[in-house]
Each structure stands twice: as C-alpha cells, then as structure tokens.
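# Observations on the three-dimensional arrangement
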Amino acid sequence: KATVSVLNCFPHLHYTTMLSAALCAVGVLSAAGAVPPVPKDWAPLYPGEVFTSKNGGSAESSPFKWTDGKLYVMHSSGARADTDCPNANATAFAGYSFFHIREMASGRVVACVEESIGHSFFSAAVDNERGRLWVFGSAQNRGGFKAGPCQQTVSEGCYVGAWSSEDLVTWTPTAESVVVPDKTMIFNTGVTFTSLDATKESPFGAHQAIMVLEPRYATKPVNKSEMYSFALNRGTDGDLTKNWELMFDPMVRPILGCPSIRYDPEERMYYVLGGGHIIIMARSKDLITWEWAKQPMAMPAITLGHAYLNRVSGDYYTEYWNGSLPRTPVDAGRAFLHNMTSWNYGVSDADLCCDGEDGPALIMHIVSQQFAPRNWTGTPWNYQGGGLSTAHPTLLAFLKAHF
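Residues numbered from 1 in each chain as written. Predicted model: local features only at pLDDT ≥ 70, side-chain atom pairs only at ≥ 80, totals over all residues. Heavy atoms only, no water.

### What to know about the state of the cysteines
- Applying the stated criterion across every chain yields a total of two disulfides.
- Between the sulfur atoms of Cys150 and its disulfide partner Cys158 the distance amounts to 2.0 Å. Looking down the S-S bond of the Cys150 and Cys158 bridge, the torsion is 95 degrees, so its handedness is right-handed. A single burial state applies to Cys150 and to Cys158, both of which are buried.
- Bridging Cys353 to Cys354, the disulfide has an S-S length of 1.6 Å. Looking along the S-S bond of the Cys353-Cys354 disulfide, the torsion reads about 75 degrees, which is the right-handed sense.
- Classification of Cys353 by relative accessible area gives buried; the value is 1%.
- Accessibility expressed as a relative area gives 2% for Cys354, which makes it buried. (Disulfide = S-S within 2.5 Å. Buried < 20%, exposed > 50% of the residue type's maximum accessible area, 1.4 Å probe, protein only.)

Written out as structure tokens, the structure reads:
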C-alpha cells in the first residue's frame, strides 16, 4: 500500500460533492469570479462527430496516441463484459466494473483488463518518455456484485488504483497509489505528467505528475482542513504507483465535477476541465488564481435547441458503426442521433488527446440525459462523442484557443 503524505499549501480548487455517482455537478470558482455567460452564437472549436456508441454502461473514457502512432481509447465498463469483451472470462468479470482498451480507427477491443475489476471512474495518461500507459480508477465497484472501499456504504480505506502497460495487453497488478482519509470517497480522477524542471519553482515544489480528484465526504459538515482536490507525485522515475502527496487546505472552493487535467511546461500552466451539464475549463499557473475559458467546450442539444454532435465519423470506430463487431447496438445508436433535443440534457466526463507536438487535438466526452427534469420520461441513452480540432494542430493550441 502506497504511503500518502499531507502537503499543506495554498488555496486551490475543490470539486463539488455529487448527488449520486453518476451525476457530475458544476460549482462556482470564487477565486476566478463567475463563469462567463454562454455566447448566443456558441459553436465548438472543433467539428462534432460521433466516435462510439454506448459501451458497457459507463461513461469515463480517455483517448490517447500510442507508441505505434495509432489512436486508442481507454473505456470504463460497468458490468457488461458480454458487450465490451465477448471473449473475456465471463466468470471473472461478472458483477464487476473494469476498463478495456479499443483501437480508435476500427473500434476493435484490444484488451479487457481483468486486473482492474472492482474499480471504476477510470482515466488514462501516457508516459511518452518511457512508452508506458497508466490507468487510474477509484476502488468503487459499479458492477453491483460487491462493494469496494470507495463505496458510499463503506467509505473506509478508499484509494485510487493504478495499472500500467507497455503493450496495452499485459498489465501490472492493482497498486493503491493514493489512499484518501476515511469517510471520504473518490469518484472521477484525472492525471497528467508535468515537468520536474518546470515545476521546481512552483509554490509547492517539483512534481513529475499531478492528479485531480473528485471526492465526496460521508460526514457533514466536514472540516475544510480535511478537504482536497489535488495530489502531487514527488517521484522522479516515472513510477506513479507511489510517491503521491494529497494537498489539503482550509480554504477550498468548489468548481467542477468529472475532472480532467493537462499541463503546459513552457508556460507552466495547469488546465482543468469538467462539468456535467456543460463542459467548462479553467487554467492556473499556481493552483491558486484561476482564469475561466471564454466559452464552454461542449454544450447539450437541449440547451442549444439543436444537436452539434450527431454525425458518425467515417474515420473512427468504423467496424463498430458498420455492425461487423459483435454485439454492437448500431441501429439503436443511429436512431438516437436524430432526436438529440428530446434527451440530450448533459455533456460530461471529458478527456483530451494528444500530448506532444504532432497532435491531433482531440476531445472525447459523453452526451447523455443527465440533468433531465425529474418528470422526464424518455429512454435513457448515452454515447461517447468527440471531435478532431482540425483548426488547432496540437492539444495545447486547442486549449489556449478557449482563452
């Protein structure tokens, strides 16, 4: 079990607690002022197109570029190994949530990772220097079979699991990378590598990676000195199973749910995005003073009055959409794309690709019925949506364009 030490630092962000594990909330960041109003002529800074339809009953996914130059996606799976991984060991996966890897071009499953069963809310980060993919997930089982230590009914011994691979097929055992205080639970997390040289002059010292966490507190009211939003990795060798420090502070401020994070080593800037109704972003050089993006990154169809994201891409998940992959509800997925204003109340769980100078700039998120009125009687549905930012050749250029 990894040891997590406490780092007392400066005022920083804190993510709102959620009404349920499936609902990402949006709060207010006092340090940055009010969220800018949505422009009446809002349009995304990328052409919208659908990458994949409903997978495994869960939402969280991370697109990434691998060492072979191809694009892949790490997908969270609820308890549907028969859908995502028809050839997986049904006995091992039954009743457990887990993650799997798909090739983005075809949609084929590369690996269903048995080591991850019993965890959820996954996110991925690529170590380009060492050629290793890292995946992180809360010890919360969304498969319904057995509660994990991050479950609301347990909330003791909660930790963020970590797994890594050099070939996307063979994976390390579960490591308890970040262990959080009792009576707190973790939902979504996001991790990005930083730069030891660029961060050594920061208010909290050098760190090779940073994790943003979305906790929920079992006991209310909670002492603000026990609240946290970030963890820093103090190691120097690329090993993200250990050397994490949780950042506690008595002056936290709510901002986003379902968070993702990226770092710009040249400008020494942290970018955090998230939300459940709309996807918004803020940036900071010190995790203290934050600036809002000028406009949201993504909006639901119900707010816009029309769908901005309803075109099936001809370049991604091709075998999924032509029905050649097993157990893919293609017809149902296509049908829902044509009536999005009747069910698409929320966008959430955004993640980004790809780090480096050769792009592409890619955002992936779900489009779902979250935030629908309580009396809404439509059919629940969600799918993974995304778009290539063809106007911005790199991820950092794409992020900067929002400010």
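Further notes follow.
### A closer look at the sheet that holds strand β9 (residues 132-138)
- Reading across the sheet, the four strands line up as β8-β9-β10-β11 and stay open at both edges, with antiparallel pairing between neighbours. Each edge of the sheet is formed by a strand with only one pairing partner; in this case those strands are β8 (120-127) and β11 (175-179). Here the average twist between neighbouring strands, direction ignored, is 30 degrees. (Pairing = 2+ DSSP bridges. Helix = DSSP H or I, 4+ residues; strand = E, 2+ residues; numbered from the N terminus. Axes fitted to C-alpha atoms, helices over the stretch in contact; angles between N-to-C directions.)

### Topic: the side chain of Ser116
- Positionally, Ser116 belongs in the loop between β7 (109-113) and β8.
- Residue classification places Ser116 among the buried residues on the basis of a relative accessible area of 0%.
- Polar contacts involving the side chain of Ser116 include one to the main-chain carbonyl oxygen of Val113, which spans 2.7 Å.
- Excluding anything up to four places from it in sequence, Ser116 contacts Ser97, Phe98, Phe99, Phe122 and Trp163. (Polar contact = N/O pair within 3.5 Å; in protein donor to acceptor, adjacent residues only side chain to side chain. Contact = heavy atoms within 4.5 Å.)

As far as function goes, none of this settles anything; it's purely spatial.
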